Amino acid sequence: MTDLDFSCKCGAMEWRILDGKAGKHIACYCADCQTSARHLGAADYLDASGGTEIFQTTPSNMKITQGPEHLALMQLGPNGLFRWHAGCCGTPFANTVKTPKFSFSGMVLPAGYGSLGPVTAHVQTKAANPPVKEHGFAATGLAILCRVLGARITGNWRDTPFFDESGAPVVAPVVISKSDRDAARPAPRL
Ligand SMILES: [Zn+2]
Ligand SMILES: [Zn+2]
C-alpha cells in the first residue's frame with residue numbers, strides 16, 4: 001500500500017496515515033456527514049449515494065505533515081461530533097469525539113479512494129440516496145472499541161494532534177447555526 005499522503009484542496013495543509021492496515025475503510029451515509037460536507041463546500045467528497053468514505057483509526061496513526069495552523073473544528077450542534085477540517089479551503093479532514101481518551105479518528109477520504117483496500121462496511125444507510133445496502137456496522141463498532149482499549153492500555157491515546165495535554169481541543173469548536181445546518185441538509189429520499 002502506498003500513497004497515504006493527503007492534501008487539502010488548496011495544498012496548505014497536508015497529512016499522512018502511517019499504517020493503512022491499522023484501521024477500517026468504511027462509508028457512512030448519515031445525514032450529518034452529508035450535511036457537513038455540503039456545508040464545507042465539499043460535496044465532491046460524497047459518493048453517488050451521498051456516502052462519505054472514512055478510514056477509522058486512532059489519532060496516533062496519523063500525522064499532520066504541513067500547515068497544522070489551518071486545522072479548524074466545527075459541530076453541527078452543541079452535542080455533535082467534532083468535525084475537523086482544513087479551514088483554509090473547507091476540506092474535510094477527520095471526525096473525533098470530544099475527548100482524547102476515546103482514541104478514535106475517522107479520517108475523511110476523497111470519494112473512491114483506492115489505496116486503503118475496498119470499503120468493508122456501509123453504515124447509517126437510511127439517508128443514502130439512491131439506496132445502499134447496510135452492512136458491517138457491528139464489526140466496525142467492535143473494531144473501534146478494540147482500538148480505543150488498546151490505546152488506553154499503551155497510553156497511545158495521548159498522541160493526538162486534536163487535543164492539548166489538558167484534554168481540550170486545540171482550536172475552539174464552531175457550532176454552525178440551525179439555518180446553515182438546514183440549508184446543507186440532504187434532500188429526503190423520494
Ligand atoms: Zn486548504
Ligand atoms: Zn456519518
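So, here is what we can say about the structure in this document. Note that this is a predicted model, so its numbers are computed, not measured.

The rules behind each value
Just so you know, the residues in each chain are numbered from 1, in the order the chain's sequence is written. Chains carry letters from A onward and ligands carry numbers from 1 onward, assigned in written order. This being a predicted model, a pLDDT of at least 70 is required before a residue's local features are given, and a value of 80 or more before pairs of side-chain atoms are given or counted; all residues contribute to the totals for chains, interfaces and linings. Heavy atoms throughout the structure, all of them, feed into the side-chain values; hydrogens and water do not. Elements are defined by DSSP. Helices are runs of H or I of four residues or more, strands are runs of E of two residues or more, and each kind is numbered from the N terminus. Radius of gyration means the value over C-alpha atoms here, while the globule rule gives 2.2 Å times the residue count to the 0.38 power. Throughout, a contact is declared for two residues whenever any of their heavy atoms are within 4.5 Å. Donor criterion used throughout: N, O or S atom within 2.8 Å of the metal, extended to 3.2 Å for Na, K and Ca. Water excluded; incomplete-looking sites may result. Buried means the residue's accessible area, taken with a 1.4 Å probe over protein chains only, is under 20% of the maximum for its type, while exposed means over 50%, and partly exposed covers the values in between. If DSSP finds at least two bridges between two strands, the strands pair. For every element, the axis is a line fit to its C-alpha atoms; helices are fit only across the contacting stretch, and the angle between N-to-C directions ranges from 0 to 180 degrees. Key to geometry: four donors with every angle between 85 and 135 degrees are tetrahedral; four donors are square planar and six octahedral where opposite donors lie over 155 degrees apart and all remaining angles lie between 65 and 115; all other sites are irregular. We define the nonpolar core as a collection of buried residues of types Ala, Val, Leu, Ile, Met, Phe, Trp, Tyr and Cys that are connected through side-chain atoms lying within 4.5 Å of one another.

Some details on the overall build of the chain
Along the backbone of the chain there are three helices and 11 strands. Going residue by residue from the N terminus, the α and β elements of the chain occur as β-β-β-α-β-β-β-β-β-β-β-α-β-α. In terms of overall size, the chain behaves like a compact globule, its C-alpha atoms giving a radius of gyration of 16 Å where 190 residues would be expected to give roughly 16 Å. Here the contacts in the chain between residues at least 6 apart in sequence split such that 71% fall between residues at least 24 apart.

Comments concerning the coordination of the zinc ion (ligand 2)
For the zinc ion (ligand 2), the full set of protein donor atoms is Cys28 (SG), Cys30 (SG) and Cys33 (SG), at a range of 2.2 to 2.3 Å. Of note, the donors binding the zinc ion (ligand 2) are all from one chain and are spaced C-x1-C-x2-C. Pair check on accessibility: Cys28 and Cys33 agree, each one buried.

Notes on the sheet that holds strand 3 (residues 24–28)
Within the open sheet, the eight strands sit side by side as 10-3-4-9-8-7-6-11. Their pairing is mixed. Looking along the sheet, the strands with just one partner apiece sit at the ends: strand 10 (121–123) and strand 11 (174–175). Inspection of the sheet shows strand 6 (residues 71–75) paired to strand 11 by two bridges, in the parallel sense. Paired with Met74 across the two strands is Val174, which belongs to strand 11. The strands that helix 1 (residues 31–39) touches are strand 3, strand 4 (52–57), strand 6, strand 7 (82–86) and strand 8 (91–96); relative to strand 7, the one it contacts most, it runs at about 30°. Strand contacts of helix 2 (residues 137–154): strand 3, strand 4 and strand 10, with the helix running at about 130° to strand 3, the strand carrying the most contacts.

Notes on the environment of Gly117
Its location among the elements puts Gly117 in the loop between strand 9 (105–108) and strand 10. The class for Gly117 is partly exposed, based on a relative accessible area of 27%.

Regarding the coordination of the zinc ion (ligand 1)
Ligation of the zinc ion (ligand 1) by protein atoms is provided by Cys8 (SG), Cys10 (SG), Cys88 (SG) and Cys89 (SG), these donors lying 2.3 to 2.4 Å from the ion. Given four donor atoms and angles of 105 to 120° at the metal, the environment of the zinc ion (ligand 1) is assigned as tetrahedral. Motif for the zinc ion (ligand 1), donor spacing along one chain: C-x1-C-x77-C-C. Given a relative accessible area of 4%, Cys8 falls into the buried group. Residue classification places Cys10 among the partly exposed residues on the basis of a relative accessible area of 46%.

A look at helix 1
Every buried residue of helix 1 is accounted for by Cys33, Gln34, Thr35, Ser36 and Ala37. Where the residues of helix 1 are buried, they touch strand 3, strand 4, strand 6, strand 7, strand 8 and helix 3 (178–184). Following helix 1 by one or two positions, Gly41 has its phi on the positive side, about 80°.

A few points about the side chain of Ser105
Mapped onto the elements, Ser105 comes out in strand 9. For Ser105, a relative accessible area of 0% gives the class buried. What Ser105 contacts, discounting residues up to four positions off in sequence, is Phe55, Gln56, Thr57, Thr58, Pro59, Ala94, Asn95, Thr96 and Phe162.

Some words on the nonpolar core
Within the largest apolar cluster, 22 residues are counted, with the highest numbers of intra-cluster contacts made by Met13, Ile17, Phe93 and Met107. Sorting elements by how many residues they give to this core places strand 7 first, with three residues. Discounting chain neighbours no more than four positions away, the residues touching Phe93 are Met13, Trp15, Met62, Ile64, Leu71, Trp84, His85, Ala86, Gly106, Met107, Val108 and Phe162.

A word on the sheet that holds strand 1 (residues 5–7)
Taking strand neighbours across the sheet as the criterion, the three strands line up as 1-2-5 in an open arrangement whose pairing is antiparallel. Edge positions in the sheet fall to strand 1 and strand 5 (62–66), since each has one partner strand and no second. Strand after strand, the sheet turns through a mean of 25° between neighbouring axes, direction not considered. Examined bridge by bridge, strand 2 (residues 14–17) and strand 5 share four bridges and lie antiparallel to one another.

Remember that the coordinates give geometry; whether it matters functionally is a separate question.
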